[in-house]
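Listed below, chain by chain, are the residues.
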Amino acid sequence: MFQTYEAQGGPALGRAHLPLLRKAMGKLQLDGFIVPHEDEWQNEYVPAAFDRLQWLTGFTGSAGAAVVLKDEAAIFVDGRYTLQVKAQVDEKLFAYRDLVEEGAHGFLRHKAQKGWVIGYDPKLHSPDALARLTTAAHEAGATLKPVSPNPIDAVWRDRPAIPAASVLPHPDRYAGKSAQEKRTEIGEATAKAGADAAVLTAPASLAWLFNIRGGDVARTPLPLGEAILRADGTADLFLAPEKVSAKLRDWLGNAVSLRPPEDFAPALAALKGHKVLVDPAASSAFVFTTLEQAGAKVIRGQDPVTLPRACK
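Bear in mind that the values here come from a model prediction, so they are computed numbers and not experimental data.

Visitor: An account of the environment of Gly115 is requested, with residue identities and associated values reported.
Guide: The residue Gly115 is located in the loop between α5 (103–111) and β5 (117–120) in this model. By relative accessible area, Gly115 is classed as exposed at 55%. The residues touching Gly115, leaving out its near neighbours within four places in the chain, are Asp31, Gly141 and Ala142.

Visitor: Outline the pattern of salt bridges, listing residues and values.
Guide: Throughout the structure, instances matching the rule amount to 14 salt bridges. A salt bridge links Glu72 to Lys111, with the nearest nitrogen and oxygen atoms 3.6 Å apart. Taken together, the residues Glu72 in the loop between β2 (65–69) and β3 (73–77) and Lys111 in helix α5 connect sequence positions 39 residues apart. We classify Glu72 as partly exposed; its relative accessible area is 32%. The network of salt bridges with shared partners includes Arg230, Asp236, Arg259 and Asp263.

Visitor: Can you lay out the nonpolar core for me, pointing to particular residues and giving the numbers?
Guide: Counting 25 residues, the largest nonpolar core has Leu21, Val35, Leu56, Phe59, Val68 and Phe94 as its most contacted members. Elements with a contribution of two residues or more to this core: α2 (11–27), β1 (32–36), α3 (52–57), β2, β3 and α7 (151–155). The element that contributes the greatest number of residues to this core is α2, accounting for five residues.

Visitor: Any details on the sheet that holds β1? Residues and values, ideally.
Guide: Sheet architecture is open: six strands sit in the order β4-β3-β2-β1-β5-β6, paired in mixed fashion. At either end of the open sheet lies a strand with only one pairing partner, and these are β4 (95–98) and β6 (143–146). Taking the axes of each pair of neighbouring strands and ignoring which way they run, one obtains an average angle of 25° across the sheet. As judged from the five bridges shared by β1 and β2, these two strands associate in the antiparallel manner. Within β2, the position partnered with Ile34 by the bridge is Val67. The strands that α2 touches are β1, β2 and β3; relative to β2, the one it contacts most, it runs at about 60°. On the sheet, α5 packs against β1, β2, β3, β4, β5 and β6 and is oriented at approximately 20° with respect to β2.

Visitor: Tell me what's going on with the sheet that holds strand β12 (residues 256–259), and back it up with residues and numbers.
Guide: Two pairing modes exist for strands in a sheet, parallel and antiparallel, and in both the strands are linked by backbone hydrogen bonds. Read from one edge of the open sheet, six strands run β12-β11-β10-β8-β13-β14, paired in mixed fashion. Where the open sheet ends on each side, the last strands, each with one partner, are β12 and β14 (297–300). Strand-to-strand twist across the sheet, computed as the mean angle between neighbouring axes with direction ignored, equals 20°. Direction of pairing for strand β8 (residues 197–200) relative to strand β10 (residues 226–230): antiparallel, over a ladder of four bridges. Looking at β10, one finds that Ala197 is bridged to Arg230.

Visitor: Please provide a residue-by-residue account of empty space enclosed by the protein, values included.
Guide: For the structure shown, the criterion picks out one cavity of 30 Å³ or more. Estimates place the volume of the largest cavity at around 50 Å³. Along the walls of the largest cavity sit 13 residues, with Val199, Leu200, Asp279, Ser283 and Asp303 positioned nearest its centre. Breaking the lining of the largest cavity down by element, the ones donating at least two residues are β8 and β13 (275–278). In terms of residue class, the lining of the largest cavity is built from seven nonpolar, four polar and two charged.

Procedures and definitions
- Residues numbered from 1 in each chain as written.
- Predicted model: local features only at pLDDT ≥ 70, side-chain atom pairs only at ≥ 80, totals over all residues.
- Heavy atoms only, no water.
- Helix = DSSP H or I, 4+ residues; strand = E, 2+ residues; numbered from the N terminus.
- Buried < 20%, exposed > 50% of the residue type's maximum accessible area, 1.4 Å probe, protein only.
- Contact = heavy atoms within 4.5 Å.
- Salt bridge = Lys/Arg side-chain N within 4 Å of Asp/Glu carboxyl O.
- Core = buried A, V, L, I, M, F, W, Y, C linked by side-chain atoms within 4.5 Å.
- Pairing = 2+ DSSP bridges.
- Axes fitted to C-alpha atoms, helices over the stretch in contact; angles between N-to-C directions.
- 1 Å grid on protein atoms, 1.4 Å probe; cavity = no way out; pocket = protein on both sides within 12 Å on 5 of 7 lines; lining within 4 Å.
- Points joined across faces, edges and corners; volume = space filled by probe spheres on them.
- Nonpolar A, V, L, I, M, F, W, Y, C, P; charged D, E, K, R; others polar.

In structure tokens form, the structure reads like this:
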């Protein structure tokens with residue numbers, strides 16, 4: 001068992017990569033940096049190009065986090081991974097800590113020092129998780145600072161390719177309803193929630209709502225992307241151009257505007273003055289902050305696609 005774990009990750013990664021991250025932190029004048037397991041879409045199964053926790057530590061489990069400070073670091077796992085973390089992560093570099101009982105916020109509360117600046121990538125944390133971290137840092141006299149781009153990405157020399165699987169139509173005979181019908185229904189639900197639009201970032205919600213399938217996420221036929229659905233059922237769908245074919249454009253129709261990922265943040269900012277429904281359990285703090293700073297009225301609520309896509 002340990003040999004299998006070692007082959008997948010291994011302590012050597014931590015020994016090679018921890019100094020690189022600390023060097024990048026120094027250039028950004030950071031006293032610490034938080035590394036969650038999640039990617040921008042809050043996936044449990046993270047594509048290799050976004051598995052920053054594995055790159056840093058060697059740990060390959062499906063849940064975890066790490067906090068790197070100037071002179072010490074810790075990795076947090078739950079009870080499923082108490083053996084695996086010891087096989088994959090060098091205990092001389094990372095202290096083994098409990099993800100559930102303590103978590104990164106508990107560690108910061110006791111280890112951060114007054115005046116320290118702790119960096120984080122706002123695209124990788126839910127707003128609720130970020131609130132816990134912010135409170136913990138404040139209690140220690142430290143502050144959290146959003147950092148973009150992620151300093152790990154800047155030093156990840158052998159980073160795997162970003163997932164770019166083609167996004168394909170999912171026929172109505174399998175989906176049960178056309179995408180137009182679904183968008184109309186979800187648009188009406190968004191309006192009933194008091195919102196002009198809903199921001200959708202969960203890959204499963206995109207797959208269901210637009211009747212599409214992809215191959216970006218291991219073990220699931222899901223595309224990575226984002227969408228803004230308006231109450232009238234029209235939508236903007238943000239996908240990397242290399243994933244998009246003429247067939248897909250025809251499938252989605254004129255009511256769906258296909259846009260590249262770099263347009264997502266400006267599109268959020270353009271919702272100034274609008275009421276926008278966002279699920280804090282599915283979307284990152286980046287989405288909330290961008291909307292709020294633009295002057296949008298954010299309505300926290302469940303992703304309106306969650307319940308309909310659960311019905312078969």
